[in-house]
Amino acid sequence: MTAKIIDGKQIAAQMREELKQKVAALKTKGVTPGLAVVLVGDDPASKSYVTAKEKACEEIGIFSSDNRLPASTSQTDLLALIEKLNKDPNIHGILVQLPLPKQINEDTVLLAIDPKKDVDGFHPINVGRMVVGQSAYLPCTPHGVIQLLLRSGVKLDGAEVVVVGRSNIVGKPVANMLIQKSPTGNATVTICHTRTKNLAEHVRRADIIIAAAGRPNTITVDMVKPGAVVIDVGVNRVDDATKKSGFRLVGDVDFEAVKEKASLITPVPGGVGPMTITMLLYNTVLSAEKTSPPIT
Ligand code: NAP
């Protein structure tokens with residue numbers, strides 16, 4: 001069996017088109033969704049993520065406010081900016097690009113963001129609401145994974161899912177969403193990590209594998225049940241002398257071998273990646289909808 005490729009770019013484009021229409025509808029009510037992007041310092045990777053997020057906003061009609069601060073910014077100054085953005089009625093979402101410089105405590109900063117504007121879904125209030133099954137801003141990468149599965153027609157109800165990775169931004173939340181008693185959950189989930197004994201044995205049982213370890217070739221073909229669905233969240237740089245940059249990006253899955261055994265698989269790049277920014281746009285539009293006046 002050769003797997004069908006789950007085209008993250010195409011699914012993301014379709015979702016962005018849907019969001020564009022929602023933004024247009026909000027504008028007829030006089031509301032332009034606004035996202036404040038905060039970048040402290042000049043880490044090149046963070047700069048390129050922030051630029052990509054702002055460009056994506058522009059493409060669907062979201063207003064983005066660009067807040068770039070020097071690496072020497074104090075925690076007090078950053079908290080003052082967040083307080084100002086919390087109060088700004090034109091801002092519906094606040095995104096603080098991580099990591100932050102050493103003098104700033106990330107937890108303190110994330111706690112300072114108004115949970116109603118926490119479009120990254122990292123505030124403990126939103127995390128808690130997600131865990132107990134209340135409406136919440138869902139973290140973007142895990143929510144993107146769920147959307148890829150749903151929009152590819154994968155049955156989650158009763159499925160055996162193995163998640164490899166237990167980080168707060170991917171592994172734990174995606175597992176949590178999948179166990180919710182809801183049409184977008186109802187799966188039986190196993191979470192694996194570096195202390196898991198016999199990873200292969202767990203993964204081999206999975207109808208759906210979600211790899212979020214951050215290590216190339218964590219999932220090899222011998223670990224995959226024939227016909228399994230494979231979602232590769234990992235993004236890893238490996239040396240490649242044939243590339244101008246000297247490297248290429250690969251996921252956590254041995255893609256070439258596993259695609260011959262799986263039924264559906266995401267590529268890297270072009271799988272989960274395009275969904276992450278899309279879900280940020282989704283949360284920003286959702287926040288604007290919640291605060292917009294009703295149609296009279
Ligand atoms: P992380 O914080 O480093 O967490 C990695 C997790 O994987 C940890 O829980 C670790 O276990 C586990 N792990 C590592 N090696 C393992 C192994 N050999 N066997 C079993 N478990 C293993 O990483 P993250 O932030 O969750 O990100 C994971 C990957 O997804 C990275 O490659 C990252 O770049 C990528 N990512 C992609 C996107 C996107 O938009 N496409 C977004 C976010 C992250 P321990 O807890 O025991 O250490």
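Before reading further, recall that the structure is shown in the block above.
Structural notes, computed from the coordinates. (Residues numbered from 1 in each chain as written. Predicted model: local features only at pLDDT ≥ 70, side-chain atom pairs only at ≥ 80, totals over all residues. Heavy atoms only, no water.)

**Comments concerning the packing of helix α1 (residues 8-28) against helix α6 (residues 140-151)**
At step 1: Here α1 crosses α6 at 100°, and the two axes come no closer than 11 Å. It follows from the interaxial angle that α1 and α6 lie roughly perpendicular. In contact with Gly8, Ile11, Gln14, Met15 and Glu18 of α1, α6 contributes Gln147, Leu148 and Arg151.
At step 2: Here the contact of α1 with α6 is composed, by residue class, of three nonpolar, three polar and two charged. (Axes fitted to C-alpha atoms, helices over the stretch in contact; angles between N-to-C directions. Helix = DSSP H or I, 4+ residues; strand = E, 2+ residues; numbered from the N terminus. Parallel < 35°, antiparallel > 145°, perpendicular 65-115°, else oblique. Contact = heavy atoms within 4.5 Å. Nonpolar A, V, L, I, M, F, W, Y, C, P; charged D, E, K, R; others polar.)

**Concerning the environment of Thr188**
At step 1: Mapping Thr188 onto the fold places it in strand β6 (residues 188-192).
At step 2: Along the primary structure Thr188 and Ala56 are separated by 132 residues, whereas in three dimensions their C-alpha atoms are 35 Å apart.
At step 3: Not counting chain neighbours up to four residues away, the residues in contact with Thr188 comprise Ala159, Glu160 and Val161.

**Things to note about the site of the ligand**
At step 1: Around the ligand there are 20 residues in total, and Arg166, Ser167, Thr194, Val235 and Thr276 lie nearest to it.
At step 2: Taking Arg166, its side chain carries an N or O atom lying 2.7 Å from an oxygen atom of the ligand.
At step 3: A distance of 2.5 Å separates an oxygen atom of the ligand from a polar side-chain atom of Ser167.
At step 4: When the ligand is considered free in solution it has 930 Å² of accessible area, and contact with the protein chains removes 70% of it.
At step 5: Split into classes, the residues belonging to the shell around the ligand amount to eight nonpolar, 10 polar and two charged. (Near = heavy atom within 4 Å. Polar contact = N/O pair within 3.5 Å; in protein donor to acceptor, adjacent residues only side chain to side chain. Areas by Shrake-Rupley, 256 points an atom, 1.4 Å probe, with all protein chains shown as cover.)

**Points about the state of the cysteines**
At step 1: Taken as a whole, this structure holds zero disulfides when the rule is applied.
At step 2: Free cysteine: Cys57, not disulfide-bonded; nearest cysteine sulfur from Cys140 at 11 Å.
At step 3: Since its relative accessible area comes to 0%, Cys57 is described here as buried. (Disulfide = S-S within 2.5 Å. Buried < 20%, exposed > 50% of the residue type's maximum accessible area, 1.4 Å probe, protein only.)

**Description of helix α3 (residues 75-87)**
At step 1: For α3, spanning 13 residues, the distance from its first C-alpha to its last is 19 Å, which sits close to the expected 18 Å at 1.5 Å a residue.
At step 2: Taken together, the buried positions of α3 are Leu78, Leu81, Ile82, Leu85 and Asn86. Within α3, the buried residues cover an arc of 140° as seen down the axis, which keeps them to one side. Of the exposed residues in α3, the ones pointing more than 90 degrees away from its buried face are Thr76, Lys84 and Lys87.
At step 3: Looking at the buried side of α3, the elements it contacts are β2 (34-40), β3 (63-69), β4 (93-96) and α4 (106-112). (Expected span 1.5 Å × (residues − 1). Arc of directions from axis to C-beta.)

**Some details on helix α10 (residues 273-291)**
At step 1: Taking 1.5 Å per residue as the helical rise, α10 with its 19 residues ought to reach 27 Å, and the 29 Å between its terminal C-alpha atoms agrees with that figure.
At step 2: Listed in full, the buried residues belonging to α10 are Pro274, Met275, Ile277, Thr278, Met279, Leu280, Leu281, Asn283, Thr284, Val285, Ser287 and Ala288.
At step 3: Lining the buried residues of α10 we find α1, β2, α2 (44-60), β4 and α6.

**Considering the packing of aromatic side chains**
At step 1: With the rule as written, the count across this model stands at zero aromatic pairs.
At step 2: The lysine or arginine in question, Arg237, covers the ring of Phe247, its NZ or CZ lying 3.9 Å from the ring centre.
At step 3: Against the face of Tyr137 rests Lys290, its NZ or CZ located 4.8 Å from the ring centre. (Phe/Tyr/Trp six-rings, centres within 6.5 Å; stacked < 30°, edge-to-face > 60°. Lys NZ or Arg CZ within 6 Å of the ring centre and 35° of its normal.)

**Looking at the packing of α6 against helix α7 (residues 171-179)**
At step 1: Contact geometry of α6 with α7 gives a least axis separation of 8 Å together with a crossing angle of 45°. Accordingly, the angle class assigned to the pair α6 and α7 is oblique. Relative to α7, α6 is oriented so that their crossing is right-handed. Here Pro142, His143, Val145 and Ile146 of α6 come into contact with α7, specifically with Pro173, Val174, Met177 and Leu178.
At step 2: Split into classes, the residues belonging to the contact of α6 with α7 amount to seven nonpolar, one polar and no charged. (Left-handed = near helix turned anticlockwise from the far one by under 90°.)

**Quick look at a nonpolar patch on the surface**
At step 1: Among the surface-exposed residues, Val127, Val131 and Val132 lie close enough to one another that they form a single nonpolar patch of about 230 Å² accessible area.
At step 2: The residue Val131 is located in helix α5 (residues 124-131) in this model. (Patch = residues over 30% accessible without salt bridge, like charges linked within 9 Å, V, L, I, M, F, W, Y side chains within 5 Å. Salt bridge = Lys/Arg side-chain N within 4 Å of Asp/Glu carboxyl O.)

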